[in-house]
Each structure stands twice: as structure tokens, then as C-alpha cells.
Amino acid sequence: MTFVHSLLSFLSGAFNWLGDAFGKLFQLLSVPFGWLLWLFDGIWYFLFSLFKIVVAVLHIFVSLFQFLGAIILGFLRTIKGFLFIDFNQTPVHYPSSSFTGLKLVADFLQPIGFMTVFPMVLLAVLWLLFVLRVFALLGDGDVDA
């Protein structure tokens, strides 16, 4: 046996022992580090799911506010449309015979001012009664009007 052969045999044994030691150390540490990795993965999944839930709730509230805003704006536009009827500019679509009758009455009553003040007062009273009935319906109460 030569010196080189014995040196290589010693180094081979030392490296085999060192490799086995590192392998056993990594095998020993892999179990707790695996649990730690699973813990971080679970925390990340929880935060991700929580974020998805928060985004879904925000979408629900944004949609709800858009819906309520559309209802309120539609209601206000309807009130505006009923309070400010102008047969000359607003596109009021009546059947031809009804439009002819309404136009004849409007042309007859326009010079005396009856078509400007009286309909506004009646429409205001009508909408006030309508709003009271809607609030009574939504509030589950009884409004005597």
C-alpha cells in the first residue's frame, strides 16, 4: 500500500463520515423545518383567504351603495320630471289623441297662468302623499294621510 493510496482511503473515509453526519443532521432538522414551513404556509393561506373575504365584502358594499344611489337618483329624477313638466321641451310620449286633447287644454289655459302654479301645487301634494306612503311601507308603520 502506498502513501497516496492510504491518504486517499483516509480522505474517502473522512468525507463519507462527514457526508453521513451532514445527512443525518439535515434529516434531523428537516422535520422541524418542515413543520415551520407548513406553519408559514398556513399563515399565508389564512391571510390570503382573509384578504379575499375583505375584497368580497368591499365589493358587496360598493354594489349596495351603487344600487341605493341609483334608486335615490332615479327617485329624485322622477320627482323632478313630475314637478317640471314642459309639454314644449320634454319628450312626453302620449298617444296621438291624448296628446291632442292635452295640447288643446294646455293651449287654452296657458295665458291665464293656470298651467304653471296649480299643477305644481297639486304635484307637490301628490308627491308628499306618495313619499309618506312609501315611508309607511318601508317603515312598517301606518301613516294616516
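Residues numbered from 1 in each chain as written. Predicted model: local features only at pLDDT ≥ 70, side-chain atom pairs only at ≥ 80, totals over all residues. Heavy atoms only, no water.

## Digging into the overall build of the protein chain
Reasoning step 1: Each helix and strand counted, the protein chain has 3 helices and 0 strands in total.
Reasoning step 2: Taken from the N to the C terminus, the helices and strands of the protein chain come in the order α-α-α.
Reasoning step 3: Counting the 145 residues in the protein chain, one finds 5% classified as buried.
Reasoning step 4: Accessible surface for the protein chain amounts to roughly 12,800 Å². Of this, 77% is attributable to carbon and sulfur atoms. (Helix = DSSP H or I, 4+ residues; strand = E, 2+ residues; numbered from the N terminus. Buried < 20%, exposed > 50% of the residue type's maximum accessible area, 1.4 Å probe, protein only. Areas by Shrake-Rupley, 256 points an atom, 1.4 Å probe, with all protein chains shown as cover.)

## Describing helix 3 (residues 118-139)
Since the α-helix advances by 3.6 residues per turn, residues separated by three or four positions end up pointing in the same direction.
Reasoning step 1: An ideal rise of 1.5 Å per residue puts 32 Å on 22 residues; helix 3 measures up with 31 Å between its terminal C-alpha atoms.
Reasoning step 2: By the burial criterion, the buried members of helix 3 are Leu123, Trp127 and Ala136. (Expected span 1.5 Å × (residues − 1).)

## Some words on the packing of aromatic side chains
Reasoning step 1: Under the counting rule described, the total for this entry stands at 5 aromatic pairs.
Reasoning step 2: When the ring of Phe22 is compared with that of Phe26, the centres are 6.1 Å apart and the planes differ by 25°; the resulting orientation is stacked. Residue Phe22 and its partner Phe26 are both found in helix 1 (residues 3-83); the two are separated by 4 residues, about one turn of the helix.
Reasoning step 3: Between Trp127 and Phe130, the ring centres sit 4.8 Å apart and the planes meet at 90°, which makes this aromatic pair edge-to-face. Remark: Phe130 and Trp127 occur in helix 3; sequence separation between them is 3 residues, near one turn of the helix.
Reasoning step 4: Chaining the aromatic ring pairs together yields one cluster made of Phe75, Trp127 and Phe130. (Phe/Tyr/Trp six-rings, centres within 6.5 Å; stacked < 30°, edge-to-face > 60°.)

## Quick notes on the confidence of the model for the protein chain
Reasoning step 1: Predicted confidence across the protein chain gives a mean pLDDT of 80, with 79% of residues reaching 70 or more.
Reasoning step 2: Element-level mean pLDDT values for the protein chain span from 69 in helix 2 (residues 96-109) up to 88 in helix 1. (pLDDT = per-residue confidence, 0-100.)

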